[in-house]
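Listed here are the chains, written in short residue letters.
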Amino acid sequence: MSVKYKEKHRLQFHFSPEEKWMNDPNGMVFFNDEYHLFYQYHPHGTTWGPMHWGHAVSRDLIHWEELPIALYPDEHGAIFSGSAVVDWNNTSGFFDEGPGLVAIYTSADNYPDSDRPRQRQSLAYSNDNGRTWVTYEGNPVLSDVNITDYRDPKVFWHSETNKWVMVLATCQTVTIYTSPNLKDWKFASEFGQKAGSHDGVWECPDLFKLPVDGDENNQKWVMLLSIGDNPQLKEGSRTQYFIGDFDGTTFINDNSDETVLWLDHGRDNYAGVSWSDVQDGRRIYIGWMSNWRYANQVPTEGWRSSMTLPRELSLTSSEEGVRLVQKPVGEINSIRKGTEVYKDQVIAETNMSYNVRDLTEVTVEFEKENATSFGLFIENSEGEKTVVRYDTQKELLFVDRTHSGDNSFSESFAAVQEAPLKMKNNRLKLQIFIDTSSIEVFANDGEVAVTSLIFPSKVSEHLTLFSIEGNTNVTQLKITDLVSIWNK
Ligand code: FRU
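Residues numbered from 1 in each chain as written. Predicted model: local features only at pLDDT ≥ 70, side-chain atom pairs only at ≥ 80, totals over all residues. Heavy atoms only, no water.

Student: Please clarify how the UniProt feature "domain: Glycosyl hydrolase family 32 N-terminal" (unreviewed entry) in the chain should be interpreted in this entry.
Tutor: Taking the numbering used here, the UniProt-annotated feature "domain: Glycosyl hydrolase family 32 N-terminal" (unreviewed entry) corresponds to residues 14–328. The distance separating the terminal C-alpha atoms of residues 14–328 is 12 Å; by composition the span is 0% helix and 52% strand. (UniProt positions renumbered as here; feature names shortened; annotations may be inferred. Helix = DSSP H or I, 4+ residues; strand = E, 2+ residues; numbered from the N terminus.)

Here it is, written out as structure tokens:
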């Protein structure tokens, strides 16, 4: 292993490119036993710049091999976000033999003799498992002179209507197009004029179907939608989702226009979409673990940004309606090492502390007694700590990073993140992944996720359980050491 990946704050079990700037995950597709991850990449700097598609592959979604850059800016402009699919039936005519990969992305330049941005959709194809790409001579394949924000195509095959479907972010809506061959696109419908949050520009849509409560006879469609940073609000950029139905043409939202569903209640999960063509039926998602509010300023040197853990998405019905649930993919098991288990402990005024290593998974189940709040914090020898606390009266889960380490690079960074969450049978389950500069909290089996960067000056050494104004039972605490994915 090179000295790279050992730098201060470098994440040890999340994907980040060896060097330079990265943002959105792009073109995720599973083909010939490999998960492909492309990403918005600027190879000449550690801040956002002319976009390329970087490329990495993995067989288990956890260990990644970085490959050469897949797509470079060309005569149509920089390569913005988009998707990739397996063209199984050669509908595009790009392949002489067997299926191949087609990438659908946004070409971003300016209108001639103007500084007005122009965004159009283009294609590239690969018949060598994504190792090399040819840009289509007929590019761009889709444009609209009236809309400036016109980007991030996510394409999938809709078998019921035998067509390709594209969802595209179009300023404050998602426009849906269909195509028989990936080259010729026809307007189908527009969604979202009034629905959900319009706090920022709409970006990076995704649309897919999932069974509700595992029942294949009851399927719902999920639309993911990222919304850009709004300087008036404290949260920065974040991702919402809609639940509804889709007939190949139109998406109908199940909820009222006013309902806003957040995919993640932390600050650092943005622009995420799902893998195409996963053969085992899972819907797997990954997000960019940062926030446009401060992404260009985070205190890392030589490299910037990483992805979240890959997560499996599912739908569950609740009193409020159908909701999205996310859990880290089972493959995470490959980096688990030793586990210590503690059972049936009561926490009162005295905190209980445990040693932890730098890379740790904590699973804990709290049972409510009479405390007003309870939780845990991780702390290093400098006293820098990140607190996860549940307020039993307000029914809110908090992840407080105000004292987690370096906050100095952005006024927005020192934040207390919160998520509404109800206990189940008086119990709260947390699964927490702590990497060198991130903490991902999954509550009640993935009902709520809070993803957050932290920049402690030293690695965590202790985990402390606490209970405020009364007792709390901890029915089980499990501390698992994780190993770096970069130790070859
Ligand atoms: C989202 C985004 C996309 C765009 C890309 C540019 O983070 O703004 O809408 O395609 O980043 O890098």
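Student: Help me understand the packing of aromatic side chains, please; the structure alone is not making it clear to me.
Tutor: Aromatic rings in a pair are described by how distant their centres are and how their planes are angled relative to each other. Across all of its chains, the model carries 39 aromatic pairs by this definition. Taking 6.0 Å as the distance between ring centres and 65 degrees as the angle between the ring planes, the aromatic pair formed by Phe 15 and Trp 64 counts as edge-to-face. Within this pair, whereas Phe 15 is found in the segment before strand E1 (20–31), its partner Trp 64 is found in the loop between strand E3 (52–58) and strand E4 (65–71), the two being separated by 49 residues in sequence. An identical accessibility class is assigned to Phe 15 and Trp 64; each is buried. Ring centres of Phe 433 and Phe 442 lie 6.3 Å apart, and the angle between their planes is 80 degrees; on these two criteria the pair is classed as edge-to-face. Each member of the pair, Phe 433 as well as Phe 442, is classed as buried. Counting every residue linked through ring pairs, the aromatic cluster contains Tyr 5, Phe 15, Phe 30, Tyr 35, Tyr 39, Tyr 41, Trp 64, Trp 275 and Trp 486. Directly above the aromatic system of Phe 413 lies the positively charged group of Arg 401, at a separation of 3.6 Å from the ring centroid. (Phe/Tyr/Trp six-rings, centres within 6.5 Å; stacked < 30°, edge-to-face > 60°. Buried < 20%, exposed > 50% of the residue type's maximum accessible area, 1.4 Å probe, protein only. Lys NZ or Arg CZ within 6 Å of the ring centre and 35° of its normal.)

Student: How should I be thinking about the pairing of strand E34 (residues 472–482) in this particular structure?
Tutor: Each regular strand shows side chains that alternate between the opposite faces of the sheet. Of all 11 residues that make up E34, 9 are buried, and the element is covered over most of its length. In terms of strand pairing, strand E23 (residues 336–347) meets E34 through 9 bridges, oriented antiparallel. Bridging from a neighbouring strand, Val 341 pairs with Lys 478 of E34. (Pairing = 2+ DSSP bridges.)

Student: Would you mind going over the nonpolar core with me for this structure?
Tutor: The nonpolar side chains of a soluble globular protein tend to be buried with one another. With 41 residues, the main nonpolar core has Phe 15, Leu 37 and Trp 275 as its most contacted residues. Those elements that place two or more of their residues in this core are E1, strand E2 (34–42), strand E5 (78–87), strand E18 (270–274) and strand E19 (283–288). Per-domain counts for this core show at least three residues from each of domain 1 (20–328) and domain 2 (332–482). Among residues more than four places away in sequence, those in contact with Leu 37 are Phe 15, Pro 25, Asn 26, Met 28, Gly 54, His 55, Ala 56, Trp 64, Trp 275, Ile 286 and Met 307. (Core = buried A, V, L, I, M, F, W, Y, C linked by side-chain atoms within 4.5 Å. Domains from an automatic or database assignment. Contact = heavy atoms within 4.5 Å.)

Student: In this structure, what is going on with the pattern of salt bridges? I would like to understand it.
Tutor: It is possible for side chains bearing opposite charge to pair when their charged atoms get close. For the structure shown, the criterion picks out 29 salt bridges. Notably, a salt bridge pairs Asp 481 with Arg 357, separated by 3.5 Å at the nearest N-O pair. In this pair, Asp 481 sits in strand E34 while Arg 357 sits in the loop between strand E24 (352–355) and strand E25 (360–368), placing the two residues 124 residues apart along the sequence. For Arg 357, a relative accessible area of 46% puts it in the partly exposed group. With its nearest N and O atoms 2.8 Å apart, the salt bridge here joins Glu 365 to Arg 427. Here Glu 365 is found in strand E25, whereas its partner Arg 427 is found in strand E30 (residues 427–435), with 62 residues between them in sequence. The exposure class assigned to Glu 365 is buried, which follows from its relative accessible area of 18%. What emerges from the salt-bridge pattern is a single network uniting Asp 149, Arg 151, Asp 152 and Glu 203. (Salt bridge = Lys/Arg side-chain N within 4 Å of Asp/Glu carboxyl O.)

Student: Explanation requested: the site of the ligand in the structure shown.
Tutor: Inspection of the region around the ligand gives Asn 23, Asp 24, Gln 40, Trp 48, Met 51, Phe 80, Ser 81, Arg 151, Asp 152, Glu 203, Tyr 270 and Trp 292 as its neighbouring residues. In the environment of the ligand, an oxygen atom lies 2.6 Å from a nitrogen or oxygen atom belonging to the side chain of Gln 40. Contact between the ligand and Trp 48: an oxygen atom at 2.9 Å from a side-chain N or O atom of the residue. Within the complex, 95% of the 320 Å² of free accessible area of the ligand lies under protein. Mapped onto the shell around the ligand, the elements with two or more residues apiece are E1, E5 and strand E9 (150–158). Of the residues that constitute the shell around the ligand, the class distribution is 5 nonpolar, 3 polar and 4 charged. (Near = heavy atom within 4 Å. Polar contact = N/O pair within 3.5 Å; in protein donor to acceptor, adjacent residues only side chain to side chain. Areas by Shrake-Rupley, 256 points an atom, 1.4 Å probe, with all protein chains shown as cover. Nonpolar A, V, L, I, M, F, W, Y, C, P; charged D, E, K, R; others polar.)

Student: I'm lost on the domain arrangement of the chain in this one. Help?
Tutor: Accessible area lost when the parts come together is the quantity often used to give the size of an interface. Once the domains are mapped, the chain shows domain 1 (20–328) and domain 2 (332–482). In this structure, domain 1 and domain 2 have C-alpha centres spaced 31 Å apart. Opposite the 25 residues of domain 1 that make contact, domain 2 presents 30 residues. In total, domain 1 and domain 2 occlude about 2,200 Å² of area from one another, counting both sides; carbon and sulfur atoms represent 63% of this. Remark: the boundary between domain 1 and domain 2 carries 2 salt bridges. The salt bridge partner of Arg 401 is Asp 268, with a shortest N-O separation of 2.8 Å. Remark: the boundary between domain 1 and domain 2 carries 13 residue pairs in polar contact (both at pLDDT 80 or more). Among the elements that take part in the side of domain 1 that touches domain 2, strand E22 (residues 321–328) stands out by supplying 5 residues, more than any other. (Buried area = accessible area lost by both parts, 1.4 Å probe.)

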